[in-house]
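Close look at the chain arrangement
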Amino acid sequence: MKKFFTWFSLTIITVISIYVSYKMAIMTQLHPTYEGIANLIVNDTLQKTGAINSCTAIVFDFRGYDTLGESFVLFTAITGSAAILRKYKRR
Amino acid sequence: MLLNYIGSFLIIILGLYITIVKKNLIKIVIGMSLMDSGINLLLISIGFRQGGTAPIFMSDLKPGAFFVDPVPQALTLTSIVIGACVTALALSLVIKIKAHYGSIDADKVRRLNG
Amino acid sequence: MKKNIIIKNSIIKSCANITLPIALILGIYVILHGHLSPGGGFQGGVLIAGAVAIVFTAYGYKEVLSLFNAERAKTFEDIGALGYVFLGTLGLIYGYTFCTNVLWHSTPGKLYSSGTIFWMNFAVGYKVLAGLGFLIIMLVSNLYQTSEYEDEEEK
């Protein structure tokens, strides 16, 4: 009974995802976006910052607040892992 | 980019199947990491423009050339780091479960031991 | 078979002697040229933290304990995180928004061209390097919980 439910639901999810990927591939070819926010960022990269690499300028200058949040995640993961794997010496 | 979308969806579904069905704790952690990889592939494939190059201003490219979208690439960097941190915490929990209960079978670690 | 173990150890040690300086120099190169070619702080930090795993594979657990100090690695990670926050609020002090480039006035394309992005690469690379090295040492030291290593540490 449990095995039947598992295979049935996974098959439905596979069929729906193949249909969604067909729709996504057709839509990005008919209506490409050329005036999004990425256009504004790439046009201003050499003027506002001095970096040649656009990805580094986005990570550290235009979206620096997200990198601050990611450093929170790194810090919490390492502190939590060190708290779990401590060795208590028995006197 | 039809092949990229279908491939990423298949990897996500495979990771979901491993997380649900298998009983070994380490196999469940491997399934979680596989789902992270599938979602990162889907994020990068969305920002593709036909006929564009890498978004780096080389010395011979004028600043008016046609680039692919660099914003999803910058946010995928953050997602990869978060996936690695979740895997590290889960593996350290598995080490402590093995030392406390004696086995890593998901059917045998049910009750709380004092 | 003792003869097999001796042959395997010398092969792994010779390969690690060649690979370790290459990995360290490649990691520093990727961190330094973060604004000129693909790479940056995170990628270079992970490359340098792989040196701990190479030393553990080739030389054993006692060599890792004598080379790396776990307490100092935890302090270095805090210094890297505080450095990134300080460089971010430098934009606030000058009058613009958070994380604005306020120190650049050179030609793009040279090694020291973009202002705060160059120092931010260092801060983030330092944080990832110290944090992941500390994590690998903690995960490895949990495999050796026999009493013989604790007796040798107390001597």
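Since the model is a prediction, treat every value here as computed from it, not as a measurement.

What follows deals with the overall build of chain A. The secondary structure content of chain A amounts to four helices and zero strands. Secondary structure elements in chain A, listed N-terminal to C-terminal, are α-α-α-α. Compactness check: chain A gives a C-alpha radius of gyration of 24 Å against a globular reference of 12 Å for 91 residues, more than 25% above the reference. With 91 residues in all, chain A has 37% of them scored as buried. Within the structure as shown, chain A displays about 6400 Å² of accessible surface, and the carbon and sulfur contribution to it stands at 67%.

What follows covers the overall build of chain B. Scanning chain B from terminus to terminus reveals three helices and zero strands. Counted from the first residue to the last, chain B has its helices and strands arranged as α-α-α. Relative to the 2.2 N^0.38 estimate, which gives 13 Å for 114 residues, the radius of gyration of chain B is 20 Å and therefore markedly larger than a compact globule would have. Overall, chain B is about 70 × 25 × 15 Å in size when its C-alpha atoms are taken along their principal axes. Residues classed as buried in chain B amount to 32% of the 114 residues present. Residue pairs in contact within chain B that sit at least 24 positions apart in sequence constitute 42% of those at least 6 positions apart. Computing the positive centroid from 10 side-chain charges and the negative centroid from 5, chain B places the two 13 Å apart.

This brings us to the interface of chain A and chain B. Contacts between the two partners involve 36 residues from chain A, matched on the other side by 32 residues from chain B. Counting the surface lost from both chain A and chain B, the interface buries some 3100 Å², and carbon and sulfur atoms represent 80% of this. Per-residue buried area on chain A facing chain B is highest for Leu10, Glu70 and Ile84 of chain A; these three make up 15% of the total on that side. Counting across the chain A and chain B interface gives zero salt bridges. Summed over the shared surface of chain A and chain B, the result is two residue pairs in polar contact (both at pLDDT 80 or more).

By a frequent convention, interface size equals the accessible area lost on bringing the separate parts together. For chain A, the assigned domains read domain 1 (1-32) and domain 2 (36-91). Each of domain 1 of chain A and domain 2 of chain A has a C-alpha centre, and the two are 33 Å apart.

Another aspect to go through is the interface of chain B and chain C. Opposite the five residues of chain B that make contact, chain C presents seven residues. The largest share of the area that chain B buries against chain C comes from Ile56, Leu77 and Ile95 of chain B, three residues that together contribute 63% of it. Across the side of chain B that touches chain C, the residue classes break down as five nonpolar, no polar and no charged.

Along the chain, Asn121 of chain C falls in helix α5 (residues 115-141). On the basis of relative accessible area, Asn121 of chain C is assigned to the buried category, the value being 1%. Setting aside anything within four residues of it in sequence, one finds Asn121 of chain C in contact with Thr56 and Phe60 of chain A together with Ile31, Gly34, His35, Gly40 and Gly41 of chain C.

Residues and elements named next belong to chain B. Among the secondary structure elements, Asn40 is positioned in helix α2 (residues 25-46). For Asn40, a relative accessible area of 11% corresponds to the buried category. Within the structure, Asn40 has its side chain in polar contact with the side chain of Ser79 (distance 2.7 Å). Filtering out sequence-adjacent residues up to four positions away, Asn40 remains in contact with Thr76, Ser79 and Ile80.

Turning to the nonpolar core, a few remarks are in order. Core analysis: the largest hydrophobic core is formed by 30 residues, its most contacted members being Phe60 and Leu74 of chain A together with Tyr84, Met120, Val124 and Phe134 of chain C. Among the elements that line this core, the one with the most residues is α5 of chain C, at seven residues.

On average, residues of chain A carry a pLDDT of 87, and 97% of them reach 70 or more. Confidence, read as mean pLDDT per element, is least for helix α2 (residues 37-48) of chain A in chain A (80) and greatest for helix α4 (residues 64-84) of chain A (93).

The next subject is unusual backbone geometry. For residues other than glycine, phi is negative in most cases, and the peptide bonds are mostly trans. Residue and element names in this part refer to chain C. Residue Cys99 is not a glycine yet carries a positive backbone phi of 60 degrees. Along the chain, the position of Cys99 falls in the loop between α4 (70-94) and α5. Residue classification places Cys99 among the buried positions, given a relative accessible area of 3%.

With that settled, consider a nonpolar patch on the surface. Residue and element names in this part refer to chain A. A contiguous nonpolar surface patch, about 910 Å² in accessible area, is contributed by Met1, Phe4, Phe5, Phe8, Ile12, Ile16, Tyr19 and Val20. You can see Phe4 is positioned in helix α1 (residues 2-30). For Phe4, a relative accessible area of 53% translates into the label exposed.

Let us now look at the state of the cysteines. Cysteine pairs can be linked by a disulfide, which is a covalent bond between their two sulfur atoms. Within this structure, the stated rule accounts for zero disulfides over all chains. Note on Cys85 of chain B: no disulfide assigned, nearest cysteine sulfur contributed by Cys99 of chain C at a separation of 20 Å. Cysteine Cys99 of chain C shares no disulfide, and the gap to the nearest cysteine sulfur, in Cys55 of chain A, comes to 17 Å.

Rules behind the numbers
- Residues numbered from 1 in each chain as written.
- Chains lettered and ligands numbered in written order.
- Predicted model: local features only at pLDDT ≥ 70, side-chain atom pairs only at ≥ 80, totals over all residues.
- Heavy atoms only, no water.
- Helix = DSSP H or I, 4+ residues; strand = E, 2+ residues; numbered from the N terminus.
- Rg over C-alpha atoms; globule rule 2.2 N^0.38 Å.
- Buried < 20%, exposed > 50% of the residue type's maximum accessible area, 1.4 Å probe, protein only.
- Areas by Shrake-Rupley, 256 points an atom, 1.4 Å probe, with all protein chains shown as cover.
- Contact = heavy atoms within 4.5 Å.
- Lys, Arg positive; Asp, Glu negative; His and termini not counted.
- Charge placed at Lys NZ, Arg CZ, Asp CG, Glu CD.
- Buried area = accessible area lost by both parts, 1.4 Å probe.
- Salt bridge = Lys/Arg side-chain N within 4 Å of Asp/Glu carboxyl O.
- Polar contact = N/O pair within 3.5 Å; in protein donor to acceptor, adjacent residues only side chain to side chain.
- Domains from an automatic or database assignment.
- Nonpolar A, V, L, I, M, F, W, Y, C, P; charged D, E, K, R; others polar.
- Core = buried A, V, L, I, M, F, W, Y, C linked by side-chain atoms within 4.5 Å.
- pLDDT = per-residue confidence, 0-100.
- Patch = residues over 30% accessible without salt bridge, like charges linked within 9 Å, V, L, I, M, F, W, Y side chains within 5 Å.
- Disulfide = S-S within 2.5 Å.

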